[in-house]
Amino acid sequence: MNDPKLIRKEPNRARKGIQDRGGRYLSVLEEYITSDVAHRELLQEVEEMRSKRNESSKAIGKAMASGDKETAENFKKTVTELKNLMAKKEEELSPLAEKTRGLLLSIPHLPEDSVPLGKSEDDNPVVREGDAKPREFDFEVKDHVAVGEKIGAFDFETASKLSGSRFAIVKGLGARLQRAIAQFMLDTHTGEHGYTEMWVPYIVRPEVLEGTGQLPKFEEDLYKTGQLEESEDGSQTQTNYLIPTAEVPLTNIVRDAITDEEQLPLKITGLTPCFRQEAGSYGKDVKGFIRQHQFEKVELVWIVKPEDAAEALEVLTAHAETILKKLNLPYRVIELCTADIGFAAKKTYDLEVWLPSEKRYREISSCSNCGDFQARRMNARMRRKAVGGKKGAVELVNTLNGSGLAVGRTLVAVLENYQNADGSVTVPEALRPYMGGVETIKPA
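Peer 1: Honestly, the overall build of the protein chain in this entry has me stumped. Any pointers?
Peer 2: A tally of regular secondary structure across the protein chain gives 12 helices and 18 strands. Projecting the C-alpha coordinates of the protein chain onto the three principal axes gives extents of approximately 105 × 55 × 40 Å. Evaluated residue by residue, the protein chain yields a buried proportion of 48% over its 444 residues. Counting every atom, the protein chain has about 21,800 Å² of accessible surface; 47% of that belongs to carbon and sulfur. Side chains of the protein chain carry 63 positive and 71 negative charges; the gap between the two charge centres is 2 Å.

Peer 1: Please clarify how unusual backbone geometry should be interpreted in this entry.
Peer 2: Of all residues except glycine, most have a negative phi; of all peptide bonds, most are trans. Cis geometry is found at the peptide bond from L264 to P265, where omega equals 5°. Of note, P265 is situated in the loop between β8 (258-260) and β9 (266-275). For D256, which is not a glycine, the phi torsion comes out positive at approximately 55°. Residue placement: D256 occurs in the loop between α9 (247-251) and β8.

Peer 1: Just to check I follow, could you spell out the packing of aromatic side chains for this structure?
Peer 2: According to the stated counting rule, one finds 9 aromatic pairs in the structure shown. For the ring pair Y25 and F343, a centre distance of 6.1 Å and an interplane angle of 65° mean the geometry is edge-to-face. In this pair, Y25 is assigned in the loop between α2 (11-20) and α3 (26-65) and F343 in the loop between β11 (331-335) and β12 (347-355), connecting sequence segments 318 residues apart. Judged on exposure class, the residue Y25 and its partner F343 are both buried. For the pair F137 and F139, a centre-to-centre distance of 5.4 Å together with 85° between the ring planes defines the contact as edge-to-face. Each member of the pair, F137 as well as F139, carries the same accessibility label: buried. The ring of Y195 carries the charged tip of K267 above its face, separated from the ring centre by 5.3 Å.

Peer 1: Explanation requested: helix α10 (residues 309-326) in the structure shown.
Peer 2: Each α-helix winds once per 3.6 residues, and so residues spaced three or four apart point in a common direction. When the terminal C-alpha atoms of α10 are compared, their 26 Å separation across 18 residues agrees well with the 26 Å that a helix rising 1.5 Å per residue should span. Of all the residues in α10, the buried ones are A309, A312, L313, L316, T317, H319, A320, E321, T322, I323 and L324. Of the residues flanking the end of α10, it is N328, one or two places downstream, whose phi is positive at about 55°.

Peer 1: Would you mind showing me how to read the sheet that holds strand β15 (residues 394-396) here?
Peer 2: The strands making up a sheet are joined through hydrogen bonds of the backbone, oriented either antiparallel or parallel. The strand order across the open sheet formed by 3 strands is β8-β14-β15, and the pairing between neighbours is mixed. Lying at the two open borders of the sheet, with one neighbouring strand each, are β8 and β15. Direction aside, the axes of adjacent strands within the sheet are offset by 35° on average. Bridge analysis of β8 against strand β14 (residues 381-383) gives 3 bridges, and the strand direction is parallel. If you follow T259 over to β14, its bridge partner there is M382.

Rules and cut-offs
- Residues numbered from 1 in each chain as written.
- Predicted model: local features only at pLDDT ≥ 70, side-chain atom pairs only at ≥ 80, totals over all residues.
- Heavy atoms only, no water.
- Helix = DSSP H or I, 4+ residues; strand = E, 2+ residues; numbered from the N terminus.
- Buried < 20%, exposed > 50% of the residue type's maximum accessible area, 1.4 Å probe, protein only.
- Areas by Shrake-Rupley, 256 points an atom, 1.4 Å probe, with all protein chains shown as cover.
- Lys, Arg positive; Asp, Glu negative; His and termini not counted.
- Charge placed at Lys NZ, Arg CZ, Asp CG, Glu CD.
- Phe/Tyr/Trp six-rings, centres within 6.5 Å; stacked < 30°, edge-to-face > 60°.
- Lys NZ or Arg CZ within 6 Å of the ring centre and 35° of its normal.
- Expected span 1.5 Å × (residues − 1).
- Pairing = 2+ DSSP bridges.
- Axes fitted to C-alpha atoms, helices over the stretch in contact; angles between N-to-C directions.

Right, dumping it as structure tokens:
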């Protein structure tokens, strides 16, 4: 979440940031500002009454010691009145505090000053293009569905019988190719880029999703397990969720923890399934493998010192690009404008890969600097080095994340860009060691 002190001190800066994002959350911001003022005023009132009650309690003892019973009784009455009034005020304070925090959690990250202004994705500037250029085909290009079905890789009909729409079965050499892509990505990031690989839970508690920003705003996109689990303090039961991305468990490994400065940066990666209801994407990419309810993704997460976050975003994005370069796929890097960046991000680059059947670039990775937005929600902190024998200061870490890459969309890109006139698919050289030396997947 955003720094409440910044919003209090510079409300117009916050208003501008939200306005630059499209203005959708302006009413939430205004309601938060009003609620925050009311909460702090009520809190101050309660604290003043508590201070007065404590002073009156001490005065009772002094009056009794001096034999002034009448004064002591008056102070007792004051203490009783203050106690009763405080009880009423504290009853108001708790729900007001909860409301104020809920509003703050619902405000997106204020964009970094360097983010280009824009009103939609059409205003996202292209930063650079990869060396590989879109291929010139001398035959009619097929989309990934037709290519995949020709080589016996896809079975959407059976998947639909099993689970409904937006699910797929990948089989045969198609399944091996998908596995090869994922393994290739992990080996590149761990072997060349220095990431630590982790296998993480696919089911998480709601507070974990709140930490990375998926809750409370995007609950409709999440899959609930339906299983009720007692909360840690035993006060209530809660429903757990399937992860929408490995970003969620990987980033939360530093939740409620203090990491020594010397241990940063933490660079971690993991391959997980991702589960999304795609509630806001009705009618988009209904056919094919682009937008599935269940898909695999290799995630890259950095935990860094605040002063290192900007450079870390450039490096993380370059790491994701490496996969596209090694696969010799045409791609470009765009910077998301203020109206298009994600909820938790302050600055984002998207990688888009060329799909010949659509004659356009499609997103395959999103790399974001989340600053201290997630860290504040997770209470994730770092301790500076000791100076002069004194313990170092404690402050919030910064977090970054990016897909390195989406496995399914990479499979789509390989099928389309490496298709041949006879219906076969050439296996990219970088993937052949993972395919047992198979160079071409022939029609089934």
